[in-house]
Amino acid sequence: KVIVFGGDFRQVLPVVQKGSRNNIVDQCINRSFLWRHVISLRLQDNMRVLRAVGEEAAVLDDFSKYLLRIGDGSEPTIAGTEFNVSIDPTITLPNETTLNRLYESVYHNFSGSINNDNKESFLTSRAILTPNNVDVNNVNDYLIKEFEKDTVPDCTDLYSADALDSQNEEIQLLYPVEYLNSINYGGIPPHHLKLKIGCPITLLRNIDASSVLCNRTRLICLHIQPRIITAKIVTGKYKILISYKIT
């Protein structure tokens, strides 16, 4: 039987609660006794850089090499430190940056390009990433409130219908609906989802690969009903309309 693994040791390491550096490294798959049976194949070409043209290609190429140097441990460190490296000031914001300042820097207050023919490209070519789910919710709540607030001041509120399959009363008492609604798990929407017509959304699951409905597909919300979202795919080759039922 052949098993294919995919990953990059220069990215996120295994999580070991309160573990030391050695504890974390020891949990990597290349420390396993099975590793001697693994044939390692390396990907060499950065497809995003290859598809870019002009000045964008040069910027992406420099940035990708910068990330590889950090991952390989060859990027010079800050004097007096063992692991700290300098970050290009053109891709950073001051430490005292507020959420509003971040919003202005990334989305330019949803002005300018937001109102012209490049609206879809403008919205789907940028994103704000955070390490914690609570930060994701705070950023999303702020951005959706600011998104086209002059023309669409109010959000549409969508709520999940959480319930247990078990009919056992003891189990239901252990996991009340309020607790289920409070679960904030990566890869699924929150219990309270706020949307506006025209806002960008991202799929979090592989739904239908043949229709390009895959994890991280970017879409624009066109219509919202209590249990159905109609959206248009705006990235990749297939730009089609889809309706997604919320359950």
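Computed from a prediction, not measured in an experiment: that's the story for all the values here.

*Asks:* In this structure, what is going on with unusual backbone geometry? I would like to understand it.
*Replies:* Most peptide bonds take the trans form, and the phi angle of most residues other than glycine is negative. Of note, the phi angle at Lys18 is positive, near 55 degrees, even though the residue is not glycine. Mapped onto the elements of the fold, Lys18 is located in the segment before helix 1 (21–26). Judged by relative accessible area, which is 90%, Lys18 ranks as exposed. One non-glycine residue, Glu148, adopts positive backbone phi at about 45 degrees. On the secondary structure map, Glu148 appears in the loop between helix 6 (133–146) and strand 1 (156–159).

*Asks:* Would you explain the packing of aromatic side chains in this entry?
*Replies:* Within a pair of aromatic rings, the relevant descriptors are the distance that separates the centres and the angle that separates the planes. Taken as a whole and assessed by the stated rule, the structure comprises three aromatic pairs. Summarising the aromatic geometry, the rings of Phe63 and Tyr66 are spaced 6.2 Å apart at their centres and angled 35 degrees between planes, so their arrangement reads as tilted. With Phe63 and Tyr66 both in helix 3 (residues 54–72), this residue pair falls three residues apart, about one helical turn. Pairing Tyr103 with Tyr142 gives two aromatic rings, centres 5.6 Å apart and planes at 75 degrees, and the pair type is edge-to-face. You can see Tyr103 sitting in helix 4 (residues 99–107) and its partner Tyr142 sitting in helix 6, a full 39 residues away along the chain. Each member of the pair Tyr103 and Tyr142 is classed as buried. If you follow Arg126 out to its NZ or CZ, it ends over the ring of Phe122, 4.2 Å from the centre.

*Asks:* Help me out: how do you make sense of the environment of Glu120 in this one?
*Replies:* Looking at the element boundaries, Glu120 is found in helix 5 (residues 119–124). Given a relative accessible area of 28%, Glu120 falls into the partly exposed group. Separated by 12 residues in sequence, Glu120 and His108 have C-alpha atoms that sit 15 Å apart.

*Asks:* Any chance you could explain helix 6 here in plain terms?
*Replies:* In an α-helix, one turn spans 3.6 residues; hence positions three or four apart end up facing the same way. Here helix 6 is 14 residues long and its end C-alpha atoms lie 20 Å apart, about the 20 Å a rise of 1.5 Å per residue gives. Along helix 6, the residues that are buried comprise Val139, Tyr142, Leu143, Ile144 and Glu146. Lining the buried residues of helix 6 we find helix 4 and strand 2 (192–195). Just downstream of helix 6 lies Glu148, where phi reads positive at about 45 degrees.

So, how was this worked out
- Residues numbered from 1 in each chain as written.
- Predicted model: local features only at pLDDT ≥ 70, side-chain atom pairs only at ≥ 80, totals over all residues.
- Heavy atoms only, no water.
- Helix = DSSP H or I, 4+ residues; strand = E, 2+ residues; numbered from the N terminus.
- Buried < 20%, exposed > 50% of the residue type's maximum accessible area, 1.4 Å probe, protein only.
- Phe/Tyr/Trp six-rings, centres within 6.5 Å; stacked < 30°, edge-to-face > 60°.
- Lys NZ or Arg CZ within 6 Å of the ring centre and 35° of its normal.
- Expected span 1.5 Å × (residues − 1).
- Contact = heavy atoms within 4.5 Å.

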